[in-house]
Amino acid sequence: MRLNTLLRYGAYPVILGGVATFVLIWATLGGAPWPSYLLVAVMGLIAVAALERIQPFQVDWNQDHHDTLTDAIHVLVNLVLMAGTAYGLHLVIGRVPTTALWPATWPIALQVLLAGAIIDLGLYAMHRLSHRVPWLWRLHAIHHSAERLYWMNGDRRHPLSALLLAGPGLVAAVLLGASVAVISAWLTLLTVHLAFQHANLDYSLGPLRRWIGGAELHRWHHRRHYADAQVNFGEFWLVWDWAFGTRFDQPSPVGADDVGLEDARFPTSYVGQLRWPFGADAATRARV
Ligand SMILES: [Zn+2]
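Throughout this document, residue positions are counted from 1 along each chain, in the order its sequence is written. Local features in a predicted model are, by the rule used here, given only for residues with pLDDT of at least 70; side-chain atom pairs are given and counted only at 80 or more, and totals for whole chains, interfaces and linings are based on all residues.

This part takes up the overall build of the protein chain. Numbering of helices and strands runs from the N terminus, with a helix taken as a DSSP run of H or I at least four residues long and a strand as a DSSP run of E at least two residues long. Within the protein chain, the regular secondary structure consists of eleven helices and zero strands. Ordered by position from N to C terminus, the α and β elements of the protein chain give α-α-α-α-α-α-α-α-α-α-α. We compute the radius of gyration over the C-alpha atoms and compare it with the globule rule, which gives 2.2 Å times the number of residues raised to the power 0.38. The C-alpha atoms of the protein chain give 18 Å as radius of gyration, which agrees with the globular expectation for 288 residues (19 Å, within 12%). Exposure classification rests on a simple neighbour count of other C-beta atoms within 10 Å of a residue's own: a residue reaching 20 or more is buried, one at 12 or fewer is exposed, and one in between is partly exposed. C-beta atoms are placed from the backbone. For the protein chain, the proportion of its 288 residues judged to be buried stands at 43%. We call two residues in contact when their backbone-placed C-beta atoms lie within 7 Å. Counting only contacts in the protein chain whose residues sit at least 6 apart along the sequence, the fraction spanning at least 24 positions is 78%.

See the structure below:
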């Protein structure tokens, strides 16, 4: 088999499968999520970044667009946010009343999938709201302002937007009784998946592309024209997009100049992007 075919169809199952295998074995053995999950997530991100250099989807997207440093800060901040969330759950779980509904006797893998489904549905709902409610869109617009798609875009998010997107699903999973280990395992998988979802990597999920939110369908969500971007909201599963009628697919690929926002005058510095949603500029220019 040729190397490009091997990378195209093997990259996602090998890397995400490797991360999943590690976290599931670790959780089954009762290992502490910190710092193991963060380290394995970082290794997954490095693997995706390296593969982009070998087999890019768009050669131009491997070039700096005056965004690399800012995106690196976004990645660092959001990794800290993920680790902080896991630690916060550690402090909270056991001290808040939860239902007795959680199937704690199920195998860890099934518990992680169940927690993942709850968190993912919350993400889908909040993502759709973020495209409808003006102040939520202003926070989310930073994610859409990227003029190229590559591994760091998964974390190019205003921290407030990240918390609002993930918060409801996480709270629901906690209140239902999911454990720290189970939720942290899913967040680790999601971190690496989000790098794949935005990766400048010529890869394919094959027949699963319609059900798992990989880059093939998610690139349509980043089209420059606002009306075109109201599709494929799913963070991990596209099941929600299928169920609620927002899934979109077509054979021709997204072009190198097709992603971003219609108004290109968006701050490029990290601090500028953090402040932008609260400025008068955002109030007049953000489109919903
Ligand atoms: Zn979006």
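There is more to say after this.
Structurally, a nonpolar core is described as a collection of buried Ala, Val, Leu, Ile, Met, Phe, Trp, Tyr and Cys residues joined by way of C-beta atoms within 7 Å. Of all hydrophobic cores here, the largest spans 67 residues; its most connected members are Val48, Ile183 and Trp186. Of all elements in the fold, only α1 (3-28), α2 (36-54), α3 (68-92), α4 (108-130), α6 (159-176), α7 (180-198) and α8 (215-218) reach the threshold of two or more residues within this core. In terms of residue count, the dominant contributor to this core is α7 (13 residues). Once you skip the residues sitting within four places of it in the chain, Trp186 turns out to touch Val112, Ala115, Gly116 and Ile119. Ranked by size, the runner-up nonpolar core spans six residues in total, among them Leu139, Ala141, Ile142 and Leu261.

In this section: the packing of α1 against α2. It is at 10 Å that the axes of α1 and α2 come closest, and there the two elements cross at 175°. As far as their axial angle goes, α2 and α1 are roughly antiparallel. Contact residues: Leu7, Ala11, Ile15, Val19, Phe22, Val23 and Trp26 in α1; Ser36, Tyr37, Val40, Gly44, Ala47, Val48, Leu51 and Ile54 in α2. For this classification, the nonpolar set comprises Ala, Val, Leu, Ile, Met, Phe, Trp, Tyr, Cys and Pro, the charged set comprises Asp, Glu, Lys and Arg, and every other residue, Gly included, is treated as polar. In terms of residue class, the contact of α1 with α2 is made up of 13 nonpolar, two polar and no charged. Angles run from 0 to 180 degrees between N-to-C directions of axes, and those axes are lines fitted to C-alpha atoms, restricted for helices to the stretch in contact. Comment on the angle field: the value is read as roughly parallel under 35 degrees, roughly antiparallel over 145, roughly perpendicular from 65 to 115, and oblique elsewhere.

Non-glycine residue His66 carries a positive phi angle of around 55°. By secondary structure assignment, the location of His66 is in the loop between α2 and α3. Backbone geometry places Asn232, a non-glycine residue, at a positive phi of 50°. Classification of Asn232 by C-beta neighbours within 10 Å gives buried; the count is 22.

Bringing α1 into the picture now. An ideal rise of 1.5 Å per residue puts 38 Å on 26 residues; α1 measures up with 35 Å between its terminal C-alpha atoms. Most pronounced at Gly10, the bend in α1 amounts to some 55°, and the proline Pro13 follows within four residues. Among the residues of α1, Ala11, Tyr12, Ile15, Leu16, Val19, Ala20, Val23, Trp26 and Ala27 are the ones counted as buried. In this fold, the buried residues of α1 make contact with α2, α4 and α7. One or two steps after α1, the chain reaches Gly30, where phi turns positive at roughly 85°. Here the expected span of a helix is defined as 1.5 Å times the quantity of residues minus one. We define the bend at any residue as the angle between the axes fitted to the seven residues before and including it, ending there, and the seven starting there.

Turning to the environment of Arg223, a few remarks are in order. Locating Arg223 in the fold gives a position in the loop between α8 and α9 (239-244). Using a count of 19 C-beta atoms within 10 Å as the deciding quantity, one classes Arg223 as partly exposed. Measuring from C-alpha to C-alpha, the distance between Arg223 and Asp258 comes to 5.5 Å, with 35 residues separating the pair along the chain. Not counting residues up to four positions away in its chain, the partners in contact with Arg223 are Asp228, Ala229, Val254, Asp258 and Val259.

Once that is clear, we can look at the packing of α1 against α4. One can describe the packing of α1 onto α4 by two numbers: an axis separation of 9 Å at closest approach and a directional angle of 115°. In the packing of α1 onto α4, the handedness of the crossing is right-handed. Contacts between α1 and α4 involve Leu24, Ala27 and Thr28 from the first element and Ile108, Ala109 and Val112 from the second. Taken together, the residues of the contact of α1 with α4 sort by class into five nonpolar, one polar and no charged. Here a crossing is taken to be left-handed if its near helix is turned anticlockwise relative to the far helix by less than a right angle, and right-handed if that turn runs clockwise.

Nothing here speaks to function; it is all geometry.
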